Amino acid sequence: MSGGESLQHVASQGDPLSFIDRFPSIMGKYRDCNFSFSGIKTTAVRLIAKEEEKHGIVGDGILPNVADVAAAFQLGLTRHLVRRLLRCMIFIEQKELLKAGEMTLVLSGGVACNSFIRQVIGQVCESNGYTLKVPSPKLCTDNGIMIAWNGVEYLKAGMGVAPDPGSVDIEPKCSIGESIIDQVIDMNIKVPRFKIDLAKIS
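Everything quoted here is computed from the prediction, not taken from an experiment.

(A) Main features of the overall build of the chain. Counting its secondary structure elements, the chain contains six helices and two strands. Moving toward the C terminus, one meets the helices and strands of the chain in the order α-α-α-β-α-β-α-α. Dimensions of the chain, computed from the C-alpha atoms along their principal axes, are close to 60 × 45 × 30 Å. The burial tally for the chain puts 32% of its 202 residues in the buried class.

(B) Inspection of helix α1 (residues 3-11) at higher detail. Of all the positions in α1, only Gly 4, Leu 7, Gln 8 and Ala 11 are classed as buried. One face of α1 carries all of its buried residues, which in axial projection span an arc of 95°. Looking at the buried side of α1, the elements it contacts are α3 (66-95) and α4 (115-127).

(C) Representation of the side chain of Glu 51 within the structure. Relative to the assigned elements, Glu 51 resides in helix α2 (residues 38-55). For the buried Glu 51, no salt bridge exists, and the shortest N-O distance to an oppositely charged side chain is 4.0 Å, to Lys 54. Those residues in contact with Glu 51 that lie beyond four places of it in its chain are Phe 19, Leu 63 and Asn 65.

(D) The arrangement of the environment of Ile 201 in detail. Summarising the element assignment, Ile 201 is placed in the segment after α6 (181-187). Sequence-distant contacts of Ile 201, that is, excluding residues within four places in its chain, are made with Phe 116, Gln 119, Val 120 and Gln 123.

(E) Geometry of the nonpolar core. Membership of the largest hydrophobic core comes to 38 residues, with the highest contact counts inside it found for Phe 23, Phe 73, Leu 77 and Ile 121. At the level of elements, α1, α2, α3 and α4 are the ones that each hand at least two residues to this core. With residues up to four places along the chain from it excluded, the contact list for Leu 77 reads Leu 7, Phe 37, Ile 40 and Ile 117.

(F) Region of interest: unusual backbone geometry. Positive phi, close to 60°, is recorded for Met 27, a residue that is not glycine. Along the chain, Met 27 falls in the loop between α1 and α2. A relative accessible area of 21% places Met 27 in the partly exposed class. The backbone of Glu 96 shows a phi angle near 55°, a positive value even though the residue is not glycine. Inspection of the secondary structure assignment puts Glu 96 in the loop between α3 and β1 (104-106).

Thresholds, definitions, all that
Residues numbered from 1 in each chain as written. Predicted model: local features only at pLDDT ≥ 70, side-chain atom pairs only at ≥ 80, totals over all residues. Heavy atoms only, no water. Helix = DSSP H or I, 4+ residues; strand = E, 2+ residues; numbered from the N terminus. Buried < 20%, exposed > 50% of the residue type's maximum accessible area, 1.4 Å probe, protein only. Arc of directions from axis to C-beta. Contact = heavy atoms within 4.5 Å. Lys, Arg positive; Asp, Glu negative; His and termini not counted. Salt bridge = Lys/Arg side-chain N within 4 Å of Asp/Glu carboxyl O. Core = buried A, V, L, I, M, F, W, Y, C linked by side-chain atoms within 4.5 Å.

Nothing here speaks to function; it is geometry throughout.
This is the structure we're talking about:
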């Protein structure tokens, strides 16, 4: 079971609004489409420590409200993904990078195994005229499908193919094509609030 699926399994029994005030919007000052879970993760670690102290949990004990913590964490990180995705969609629309009716978003990696996140991203896609495509969960573990896809795109473009694999340097970022991050930042896109319809999540 992937991390995304494990989180959803526990969170499905909890109240996502129970601790949502502890997971405020992050990276609001950054006007790009990049996302990071480090701030949300740090918030979760602090919340768990506080709840463990409050409930007298030591060692490998389980919080009595673990489902609520998981649900709030899941909603917090989903809201973060939504804001970054919306900025991307606005950028694409303003730059006319995709034709209306031909806009597709592919959601993959471990996060795609989380049905809550999948359904919320589906709501975002539906409200913005995108089709959502999600590979089978067996292709979404550990982001393996995205890494493989990146390699296929490099191979098709004739880029980064080394005659001697032993001579290859490892790169923490592996962009395909030209980076447009600065263009997104320069547009200073303000993202409208998106109301997640929790009642539609099954």
